[in-house]
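Chain residues, written in single-letter form:
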Amino acid sequence: ATIDHTSRAIADYEQFTGWRDFKKFRPLDAAGFRKKLLEGPGKRSAQLSSRSTVQTKLYQAQKFFRWLSRQPGFIRTIRFDDLDYFNLSARDRRVAAAGCERAAASVEQVQHVIRSMPFETDIELRNRAMIACFLLTGTRISALISLKLKHVRADQQGIDFDGAEVRTKFGKTFTAHFLPMGEDIRGL
């Protein structure tokens, strides 16, 4: 995927310059490419391009030219300092790095989903128990799907995440105690 994105960024740059030879690189080309990306339509034609997408494309093009500037035949034609024209302004970098808060289900909504899920078959019981466990512990999905029954604490008040057996972040071992979400949900 990274190679595809990088090739697309380079192809976009080449199309912008009219497929001009890379040996004829000018700082104005990089600045113009940046401006074109910033002004280009985003997913909807009325909006500007996503700053994070633009930043990624510029970074990939800059990385390519940085590599190219060290290749024989390009050392004198592409100056390392000229590659700074691929950078976004500080304001645009902040906009690109800023995340927006996404809507999430409330605890009551998740409880309603758990209570209304079917539980006839073993798979339906498992699915219901996994969502309940997610609500009770707030654990990561990758850790949740690698749990075994032996990880539930003997007092049934939490789960012991053993980093050697459960896919926890950075292989950490810890205990997650159940949050108070109702006895019917904890009993699943």
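Scroll up to find the structure this text is about.
A brief report on the enclosed structure follows.

Procedures and definitions
Residues numbered from 1 in each chain as written. Predicted model: local features only at pLDDT ≥ 70, side-chain atom pairs only at ≥ 80, totals over all residues. Heavy atoms only, no water. Patch = residues over 30% accessible without salt bridge, like charges linked within 9 Å, V, L, I, M, F, W, Y side chains within 5 Å. Areas by Shrake-Rupley, 256 points an atom, 1.4 Å probe, with all protein chains shown as cover. Salt bridge = Lys/Arg side-chain N within 4 Å of Asp/Glu carboxyl O. Helix = DSSP H or I, 4+ residues; strand = E, 2+ residues; numbered from the N terminus. Buried < 20%, exposed > 50% of the residue type's maximum accessible area, 1.4 Å probe, protein only. Axes fitted to C-alpha atoms, helices over the stretch in contact; angles between N-to-C directions. Parallel < 35°, antiparallel > 145°, perpendicular 65-115°, else oblique. Left-handed = near helix turned anticlockwise from the far one by under 90°. Contact = heavy atoms within 4.5 Å. Nonpolar A, V, L, I, M, F, W, Y, C, P; charged D, E, K, R; others polar. Phe/Tyr/Trp six-rings, centres within 6.5 Å; stacked < 30°, edge-to-face > 60°. Lys NZ or Arg CZ within 6 Å of the ring centre and 35° of its normal.

1. Thoughts on a nonpolar patch on the surface
Working step 1: A contiguous nonpolar surface patch, about 280 Å² in accessible area, is contributed by F134, I141 and I145.
Working step 2: Relative to the helices and strands, I145 resides in helix α7 (residues 141–145).
Working step 3: Taking relative accessible area as the criterion, I145 reaches 48% and is therefore assigned partly exposed.

2. A closer look at the packing of helix α5 (residues 107–116) against helix α6 (residues 122–137)
Working step 1: Two numbers describe how α5 lies on α6: the axes approach to 9 Å, and their chain directions differ by 160°. By the angle class used here, α5 and α6 are roughly antiparallel. As α5 runs across α6, the sense of the crossing is left-handed. For the pair formed by α5 and α6, the contact residues are V107, V110, Q111, I114 and R115 on the first element and R128, I131, A132 and L135 on the second.
Working step 2: Split by residue class, the contact of α5 with α6 holds six nonpolar, one polar and two charged.

3. Some remarks on the environment of F22
Working step 1: Mapped onto the elements of the fold, F22 is located in the loop between α1 (2–16) and α2 (27–39).
Working step 2: Placed 52 residues apart in sequence, F22 and F74 show a C-alpha to C-alpha distance of 8.4 Å.
Working step 3: In this structure, F22 is in contact with I10, Y13, E14, F64, F65, L68, F74 and I78, ignoring residues within four places of it in sequence.

4. Section: the packing of aromatic side chains
Working step 1: Scanning all chains against the criterion turns up 12 aromatic pairs.
Working step 2: Their ring planes at 50° and their centres at 6.0 Å tell us that F16 and F33 sit as a pair that is tilted. Of this pair, F16 sits in helix α1 while F33 is found in helix α2, placing the two residues 17 residues apart along the sequence.
Working step 3: The exposure class of F16 is partly exposed, given its relative accessible area of 31%.
Working step 4: Three or more aromatic residues joined by ring pairs make a cluster, and in this case those are Y13, F16, F22, F25, F33, F64, F65, W67 and F86.
Working step 5: Directly above the ring of F74 sits K23, whose terminal nitrogen or CZ lies 5.5 Å from the centroid.

5. Details of the packing of α1 against helix α3 (residues 51–68)
Working step 1: Between α1 and α3, the least distance of the axes is 9 Å, while the angle of their chain directions is 85°. Classified by the interaxial angle, the pair formed by α1 and α3 is roughly perpendicular. Counted together, T2, H5, T6, A9, I10, D12 and Y13 of α1 and K57, Q60, A61, F64 and F65 of α3 form the full contact between these two elements.
Working step 2: Considered class by class, the residues forming the contact of α1 with α3 number six nonpolar, four polar and two charged.

Remember that the coordinates give geometry; whether it matters functionally is a separate question.
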